Amino acid sequence: TGGYGMFANDDLPEGELLLRIPRDCCVTIDDALNDMECGPAFQHLLEQAGSGADTVVIAGYLAKEYLLLKEYDRRLKAGEKPDGDAVMRRLSKIKFAPYLRTLPWER
């Protein structure tokens, strides 16, 4: 596990709000469908696939963003600057990069 979680030392009243996460901090189907590179393909998949397609679309979106993040890291290691060209500027703005870096992609 990633070591993230939450617990309470005391009983909590039913319905008590523990935390609030703004929607723009969450990975949503809208992020995938509004994606510049793959949004139309994700939309087509969503329309053609059955139940569970939204989960597949979000997984595809996160995998694509992870691959872009790996490319960004590779270019940085090779000495490129984050604002060096249009591609690097795009790669430097991967919305969920901090989250993606916490996931156990490799075994």
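Here the structure is a predicted model, which means the values were calculated and not measured.

**Comments concerning the side chain of threonine 28**
Structurally, threonine 28 can be placed in the segment before helix H1 (29–33). In this structure threonine 28 comes out as buried when scored by relative accessible area, which is 11%. With near-sequence residues (within four places) excluded, threonine 28 lies in contact with Arg23 and Ile58.

**Things to note about the pattern of salt bridges**
Tallying each qualifying case throughout the model produces eleven salt bridges. With a shortest N-O distance of 2.9 Å, glutamate 71 and arginine 75 are connected by a salt bridge. On the criterion of helical spacing, the pair formed by glutamate 71 and arginine 75 is a turn pair, its members being four residues apart in helix H3 (residues 53–77). One salt bridge in this structure joins arginine 101 and aspartate 73, with 2.8 Å as the shortest N-O distance. Of this pair, arginine 101 sits in the segment after helix H5 (97–100) while aspartate 73 sits in helix H3, and the two are 28 residues apart along the sequence. We classify aspartate 73 as partly exposed; its relative accessible area is 25%. Counted as one network, the salt bridges with shared partners bring together Asp35, Glu37, Lys64, Glu65 and Arg90.

**Observations concerning the side chain of aspartate 31**
Within the secondary structure, aspartate 31 sits in helix H1. Among the polar contacts listed, one links the side chain of aspartate 31 to the backbone nitrogen of threonine 28, at a separation of 2.9 Å. Setting aside anything within four residues of it in sequence, one finds aspartate 31 in contact with Cys26, Tyr61, Lys95 and Phe96.

Conventions we followed
Residues numbered from 1 in each chain as written. Predicted model: local features only at pLDDT ≥ 70, side-chain atom pairs only at ≥ 80, totals over all residues. Heavy atoms only, no water. Helix = DSSP H or I, 4+ residues; strand = E, 2+ residues; numbered from the N terminus. Buried < 20%, exposed > 50% of the residue type's maximum accessible area, 1.4 Å probe, protein only. Contact = heavy atoms within 4.5 Å. Salt bridge = Lys/Arg side-chain N within 4 Å of Asp/Glu carboxyl O. Polar contact = N/O pair within 3.5 Å; in protein donor to acceptor, adjacent residues only side chain to side chain.

Read these as spatial facts, not as claims about activity.
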